[in-house]
Amino acid sequence: GAVVSQHPSRVICKSGTSVKIECRSLDFQATTMFWYRQFPKQSLMLMATSNEGSKATYEQGVEKDKFLINHASLTLSTLTVTSAHPEDSSFYICSARDHGQGALGYTFGSGTRLTVV
Amino acid sequence: EDQVTQSPEALRLQEGESSSLNCSYTVSGLRGLFWYRQDPGKGPEFLFTLYSAGEEKEKERLKATLTKKESFLHITAPKPEDSATYLCAVYKAAGNKLTFGGGTRVLVKP
């Protein structure tokens, strides 16, 4: 089945620095990838949708200058948290869609635990 | 506005005690409803997709059903390894994205 690899799984960074998270579709081409944020004991909140070769579409309330998304190839999307602050600490999850599988095509990465100190 | 509501928020079961989780939705143009399992510190793992009212799907101790307003995930004779958070999500063709409910945290005690 479709596999999505997300790295790193955990990262600790200092306040004010930037952190990049990678999301790769390993065995399919993903024209669309999604980035979610999840707080403890809460559900997934969609942050943005990225389409290969074009600008990401951000959900209302998500700062596009803080959460930079790049989807430069059909198998890789990156999320960069710029000038991170403790309130950005969260669990970030990516999802890639294999359009060839229709509605079944949403596969999730294993998530990245970001801690900003 | 599309809404997906899961209940209960948390469920504590004894091993072997069957129960059901609810996912109610208010969505125009529903194309599919997904159930996922999420373990702590992991991404969601796909369980089922349901497309139309009356549809049912089963996998081991889990059975998912769908009506025009809600979906149920039945857990029959659960085991401790069924402990997880169960998420439902709806899919609309317009928008190309999933909308998740709040999840139900299930704890099965031996």
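Okay, so let's go over this structure. (Residues numbered from 1 in each chain as written. Chains lettered and ligands numbered in written order. Predicted model: local features only at pLDDT ≥ 70, side-chain atom pairs only at ≥ 80, totals over all residues. Heavy atoms only, no water.)

**Concerning the environment of G53 of chain A**
Residue and element names in this part refer to chain A. One can find G53 in the loop between β5 (44–51) and β6 (57–58). Its relative accessible area of 67% is what places G53 among the exposed residues. When the C-alpha positions of G53 and S73 are compared, they lie 7.1 Å apart, and in sequence the two are 20 residues distant. (Helix = DSSP H or I, 4+ residues; strand = E, 2+ residues; numbered from the N terminus. Buried < 20%, exposed > 50% of the residue type's maximum accessible area, 1.4 Å probe, protein only.)

**Digging into the nonpolar core**
Grouped together as the largest cluster of nonpolar side chains are 24 residues, with contacts concentrated most on W35, F67, I69, L79, Y92 and L114 of chain A. The set of elements that each furnish at least two residues to this core consists of β2 (10–13), β3 (19–25), β4 (32–38), β5, β7 (67–73), β8 (76–81), β9 (90–97) and β11 (112–116) of chain A. The contact partners of Y92 of chain A, leaving out residues within four places of it in the chain, are Q6, I21, Y36, R37, M47, F67, L79, G111, T112 and L114 of chain A. If you look at the next biggest cluster of nonpolar residues, it comprises 23 residues, including L11, C23, V27 and L66 of chain B. (Core = buried A, V, L, I, M, F, W, Y, C linked by side-chain atoms within 4.5 Å. Contact = heavy atoms within 4.5 Å.)

**A few points about the state of the cysteines**
All names here are of chain A. Applying the stated criterion to the full structure yields two disulfides over all chains. Linked covalently through their sulfurs, C23 and C94 form a disulfide whose S-S length is 2.0 Å. Where C23 bonds to C94 through sulfur, the torsion about that S-S bond is close to 80°, and the disulfide is right-handed. Taken together, the positions of C23 in strand β3 and C94 in strand β9 put the pair 71 residues apart, joining distant regions of the chain. Under the relative-accessibility criterion, C94 is labelled buried at 0%. (Disulfide = S-S within 2.5 Å.)

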